[in-house]
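Next come the chains, spelled out residue by residue.
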Amino acid sequence: MLVRPGPVGREHGDFAVDLAKMYTINLGSGHPSLLAKVRFWLTDYELHCVACYRFGRRVGRLRERRPLLGVLGLGVFWFWNRHNMRIHHAEIGRRADIGPGLLVMHRSGIMIGPAVIGSNCVLHHNVTIGQRIAAGDHGVPAIGDDVWIGPGAVISGAITVGDGCTISAGTVLSKDVPPRSLVGGNPGRVIARDYDNGNMINFVVPRRPAETPSPILGDE
């Protein structure tokens, strides 16, 4: 069943929406008890990875307004991120621009570079998203809203993945795919069109305003 969030507005920040989504899916309520929240924060390592990424984004912006505090914050982020890489083998780089409602299902092996990813993204383990590098291609993917990315998928290069796409496990994708496509294979190809992944996404949050600037253009 498709779950929709409670009254969590964008003004509370992307991470607040991430939390509401994680609470609803994992704890059965967008507003669990304090004890349930404490247990979840202490034991859910997927939450730790998302929290580290959101913290890195915030201190990156803070550095522009208050350079000293920003640099100190980035130092904390660096150590936290290195810990995640050593212990969880996961890194979501702070230059990635990811919309609210990010859900990491299994953290191990996730590597996200400076891509643009929309709202309601679901990531599974061993997913790699970033530059292609080959043949001098340093472009990064632009991934739409409501995209489900299965285990072992690789998405690279200056490509566009449309809203509502489903990237099957083990897919290696290096070309554009239209919205609501089911994609699979190596190389990745469209298997079905108008594929409904609503039950897989499981939770829909408000989109960010269209005017939100991309950090890839240099805000961090």
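So, here is what we can say about the structure in this document.

**Digging into the environment of W80**
Mapping W80 onto the fold places it in helix 4 (residues 67-88). Residue classification places W80 among the partly exposed positions, given a relative accessible area of 29%. Along the sequence, W80 and A51 sit 29 residues apart, while their C-alpha atoms lie 10.0 Å from each other. Every residue in contact with W80, bar those within four places of it in the chain, is listed here: H48, A51, C52 and F55.

**Focus on a nonpolar patch on the surface**
On the surface, L34, V38 and L42 cluster together into a nonpolar patch covering about 320 Å² of accessible area. If you trace the backbone, V38 turns up in helix 2 (residues 34-43). Judged by its relative accessible area of 39%, V38 falls in the partly exposed class.

**As for the environment of S168**
In this structure, S168 sits in the loop between strand 12 (166-167) and strand 13 (172-173). Separated by 17 residues in the primary sequence, S168 and P151 have C-alpha atoms spaced 7.6 Å apart. In this structure, S168 is in contact with W148, G150, A153, L182, V183 and G184, ignoring residues within four places of it in sequence.

**Some words on the sheet that holds strand 10 (residues 154-156)**
Taken in spatial order, the five strands line up as 1-4-7-10-13 in an open sheet, and their pairing is parallel. On the outer flanks of this sheet lie strand 1 (91-92) and strand 13, each paired with one strand and no other. Where strand 4 (residues 111-112) lies against strand 7 (residues 128-130), two bridges are found, and the strand directions are parallel. Within strand 7, the residue paired with M111 across the bridge is T128.

**Overview of the pairing of strand 15 (residues 189-192)**
Pairing of strand 14 (residues 182-184) with strand 15, which is carried by three bridges, proceeds in the antiparallel orientation. What sits directly across from V183, in strand 15, is V190. With antiparallel pairing between neighbouring strands as the criterion, strand 14 and strand 15 make up a hairpin whose turn holds four residues, including G185 at a positive phi of roughly 95°.

**So, the nonpolar core**
I112, L123, I129, I149, I155, V161 and I167 are the most contacted members of the largest nonpolar core, which totals 38 residues. Elements with a minimum of two residues in this core: helix 1 (14-27), helix 3 (45-65), strand 3 (103-104), strand 6 (122-123) and strand 9 (148-149). Looking at this core, the element that brings in the most residues is helix 3, giving four residues. Non-local contacts of I155, meaning those with residues more than four positions away in its chain, are made with T128, I129, G130, P141, I143, I149, V161, I167 and L173.

**Focus: unusual backbone geometry**
Outside of glycine, negative phi angles account for most residues, and trans bonds account for most peptide bonds. Looking along the chain, the bond that leaves N186 and enters P187 is cis, with omega of 5°. For P187, the location among the structural elements is in the loop between strand 14 and strand 15. Not every positive phi belongs to a glycine, and N120 is a case in point at roughly 65°. With respect to the helices and strands, N120 occurs in the loop between strand 5 (116-117) and strand 6. Its relative accessible area of 0% is what places N120 among the buried residues. The residue D146 is not glycine, and still its phi comes out positive at about 60°. Within the element layout of this structure, D146 appears in the loop between strand 8 (142-143) and strand 9.

**Comments concerning the packing of helix 1 against helix 2**
Between helix 1 and helix 2, the least distance of the axes is 12 Å, while the angle of their chain directions is 100°. As judged from the angle between their axes, helix 1 and helix 2 are roughly perpendicular. On the side of helix 1, the interface is formed by F15, L19, M22, Y23, N26 and L27, while helix 2 contributes A36, K37, F40 and W41. In terms of residue class, the contact of helix 1 with helix 2 is made up of eight nonpolar, one polar and one charged.

About the cut-offs
Residues numbered from 1 in each chain as written. Predicted model: local features only at pLDDT ≥ 70, side-chain atom pairs only at ≥ 80, totals over all residues. Heavy atoms only, no water. Helix = DSSP H or I, 4+ residues; strand = E, 2+ residues; numbered from the N terminus. Buried < 20%, exposed > 50% of the residue type's maximum accessible area, 1.4 Å probe, protein only. Contact = heavy atoms within 4.5 Å. Patch = residues over 30% accessible without salt bridge, like charges linked within 9 Å, V, L, I, M, F, W, Y side chains within 5 Å. Areas by Shrake-Rupley, 256 points an atom, 1.4 Å probe, with all protein chains shown as cover. Salt bridge = Lys/Arg side-chain N within 4 Å of Asp/Glu carboxyl O. Pairing = 2+ DSSP bridges. Core = buried A, V, L, I, M, F, W, Y, C linked by side-chain atoms within 4.5 Å. Axes fitted to C-alpha atoms, helices over the stretch in contact; angles between N-to-C directions. Parallel < 35°, antiparallel > 145°, perpendicular 65-115°, else oblique. Nonpolar A, V, L, I, M, F, W, Y, C, P; charged D, E, K, R; others polar.

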